Amino acid sequence: MSEMSLPRRWFGHLHTINSHKRMVMRHCFRLGLYKRGLLHDLSKYSPTEFFAGVKYFSGTRSPNVAQREQEGASKAWLHHKGRNRHHYEYWIDYRTDGDRTLYGMKMPQEYVLEMFCDRVAASKIYKKEKYTDDSPLQYYNRGTGEYVMHPETKALLEKLLNMLAKEGEEATFRYIRTQILGKKK
């Protein structure tokens, strides 16, 4: 647990999740995904997630990681991923072909795009002035061997993260709007 005072952690965590939510909302709105932007991460305000977030708040990384390190599991993360369809972990289930291993189900496109917006915003919030357009890709690549994700979902996310790293935010958002979503502007 952080050495910060409880009020400082409480307000710090609230500020972080509000800032993150606003940023994801702006990104989703740029794509015309208004509902996804408005509904993004509402479960973070639930007692299960919020109080754990306050307890483990540092301002430099996810409190879920700290909770997992301290308690052996993050109940806040388990709650969060089970309620938010923009996390690929929400879509993990048993295969339907008789093989009882876990498998990533294909995510609907709107949730993959929200996941992309979420990763960009999270990188901006935690990296602050050190953020670059390849920060979300670097974060993704640190966990690549661990992802249980449908191949098409993974391919789209990786394509967008790589495009962001190479061509920048404006070009990537324009590509999503025009080529993926088929919008004029």
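Residues numbered from 1 in each chain as written. Predicted model: local features only at pLDDT ≥ 70, side-chain atom pairs only at ≥ 80, totals over all residues. Heavy atoms only, no water.

## Topic: the overall build of the protein chain
- Counting its secondary structure elements, the protein chain contains 9 helices and 2 strands.
- The order of α-helices and β-strands along the protein chain, N terminus first, is α-α-α-α-α-β-β-α-α-α-α.
- For 185 residues, the compact-globule estimate of 2.2 N^0.38 gives 16 Å, and the protein chain sits close to it at 17 Å.
- Taken along its principal axes, the extent of the C-alpha atoms in the protein chain is 50 × 45 × 30 Å.
- Here the contacts in the protein chain between residues at least 6 apart in sequence split such that 60% fall between residues at least 24 apart.
- As presented, the protein chain carries roughly 10,400 Å² of accessible surface, and 54% of it is formed by carbon and sulfur atoms. (Helix = DSSP H or I, 4+ residues; strand = E, 2+ residues; numbered from the N terminus. Rg over C-alpha atoms; globule rule 2.2 N^0.38 Å. Contact = heavy atoms within 4.5 Å. Areas by Shrake-Rupley, 256 points an atom, 1.4 Å probe, with all protein chains shown as cover.)

## Focus: the nonpolar core
- Among the nonpolar cores identified, the biggest contains 30 residues, and Met107, Phe116, Leu157, Leu160 and Ile176 are the most heavily contacted of them.
- The set of elements that each furnish at least two residues to this core consists of helix H1 (6-30), helix H6 (109-127), helix H7 (135-142), helix H8 (151-167) and helix H9 (169-180).
- Element by element, the count of residues in this core is highest for H6, at 9 residues.
- Filtering out sequence-adjacent residues up to four positions away, phenylalanine 116 remains in contact with Leu157, Leu160, Leu161, Leu164, Thr172, Phe173 and Ile176. (Core = buried A, V, L, I, M, F, W, Y, C linked by side-chain atoms within 4.5 Å. Buried < 20%, exposed > 50% of the residue type's maximum accessible area, 1.4 Å probe, protein only.)

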